[in-house]
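# Architecture at a glance
Listed below are the residues making up each chain.
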Amino acid sequence: MSHPQFGRFNMERTCQQVCNVLRVLGFLVCLLSAVSLAACAGVQSSLAPAGQAAERIAALFWWMTAGAALVWLGIMILAIYATKADGAHRQQQAQRIILLGAVLPTIVLAGLLAYGLHLLPQLIAPPPEGTLRINVYGEQWWWRVRYEPVGRPAFELANEIRLPVAEPVEFLLHSHNVIHSFWIPSLGGKVDLIPGRVNRLTLHPTKTGVFRGTCAEYCGTGHATMAFNAIVLSREEFHLWLAQQSEPVRESVAGRNVESQP
Ligand SMILES: [Cu+2]
């Protein structure tokens, strides 16, 4: 049987240890948050959204972060409360702690699940009729991008995709070799390119600019360099560029422009 003084001493020491651990954890959380927030900007960040899908995914990320922080804070408060439990009421306090420790995470996680499920139909909704379609082929290890404008000759780009702002674009994703994954973090989520089938992804840019896309599935020795630029232009600039790309090629010979047949 422990001495009352000895028992109180242990409790105070435990409280002190918990407070010290919380201080260290608080410092680490602040440090990690500062480092993480510094990495939120840039041309390849899903936390600097420039597209409708990316905005929804970023919102989900921040709600999940807030939910995790709330659960962590609640559990820490309950842990401190537990160390201060009075012996006479320990049984009653233990029941409260168990109840709150089960209820709080359940409510927070259920809310996050409902929010995530609510976003799903918006993220995979098919595009409206007449949406611009761009074929993307995953090569080893580069991206072949093929435009097929209606009533005009098709043309291809390498490691570059041009898009209009404020318009949905549907990507048809092909692969004839291995599995790749098409991802422009600033514009939306990722979708795999799987040999033998054509996957679809709809993106809707909301800002002009140059964003970086990448392959998000290890596909061989050149995987790390399999990146591309997604250039989002104003509608006028994009449609002018599209019309120019479909024009016959002009070659400069001895200072003269010579038009070749398409
Ligand atoms: Cu790849």
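Just so we're clear, the structure is a prediction, and the values are computed from it rather than from any experiment.

Rules used in this analysis
- Residues numbered from 1 in each chain as written.
- Predicted model: local features only at pLDDT ≥ 70, side-chain atom pairs only at ≥ 80, totals over all residues.
- Helix = DSSP H or I, 4+ residues; strand = E, 2+ residues; numbered from the N terminus.
- Contact = placed C-beta atoms within 7 Å.
- Pairing = 2+ DSSP bridges.
- Axes fitted to C-alpha atoms, helices over the stretch in contact; angles between N-to-C directions.
- Buried ≥ 20, exposed ≤ 12 C-beta atoms within 10 Å, placed from the backbone.
- Core = buried A, V, L, I, M, F, W, Y, C linked by C-beta atoms within 7 Å.
- Domains from an automatic or database assignment.

Here we come to the overall build of the protein chain. Scanning the protein chain from terminus to terminus reveals four helices and 12 strands. The long-range fraction of contacts in the protein chain, counting pairs at least 24 apart against all pairs at least 6 apart in sequence, stands at 65%.

The next thing to look at is the sheet that holds strand β6 (residues 180-183). One open sheet holds the five strands; their spatial order is β4-β10-β9-β6-β7, and the pairing between them is mixed. Among the strands making up the open sheet, the edge pair consists of β4 (160-164) and β7 (191-193). Within the sheet, the average angular offset between the axes of one strand and its neighbour, ignoring direction, is 30°. Pairing between β4 and strand β10 (residues 227-233): five bridges, direction parallel.

Our focus in this paragraph is the pairing of β10. The two faces of β10 differ: F228, A230 and V232 on one face are buried, but A227, N229, I231 and L233 on the other face are not. Sheet analysis places strand β9 (residues 209-215) next to β10, joined by six bridges and oriented antiparallel. Following the sheet pairing, G209 is matched in β10 by V232.

To continue, consider the environment of R162. Turning to its location among the elements, R162 is positioned in strand β4. Assessed through the 19 C-beta atoms surrounding it within 10 Å, R162 is described here as partly exposed. With near-sequence residues (within four places) excluded, R162 lies in contact with I231, L233, F238 and W241.

Side chains of a nonpolar character, in soluble globular proteins, are inclined to be buried together. Grouped together as the largest cluster of nonpolar side chains are 23 residues, with contacts concentrated most on F182, L187 and A230. Residues lining this core come from more than one domain, with at least three contributed by each of domain 1 (4-123) and domain 2 (132-247). Ignoring sequence-local partners within four residues, the contact set of F182 consists of V136, F171, L173, K190, V191, L193 and L201.

The strand order β3-β2-β1-β5-β8 describes an open sheet built from five strands, whose pairing is mixed. The strands lining the two open edges of the sheet, one partner per strand, are β3 (155-158) and β8 (199-203). The average undirected angle you get between the axes of adjacent strands in this sheet is 25°. Relative to strand β5 (residues 169-175), strand β1 (residues 132-138) runs parallel, the two being bridged by seven bridges.

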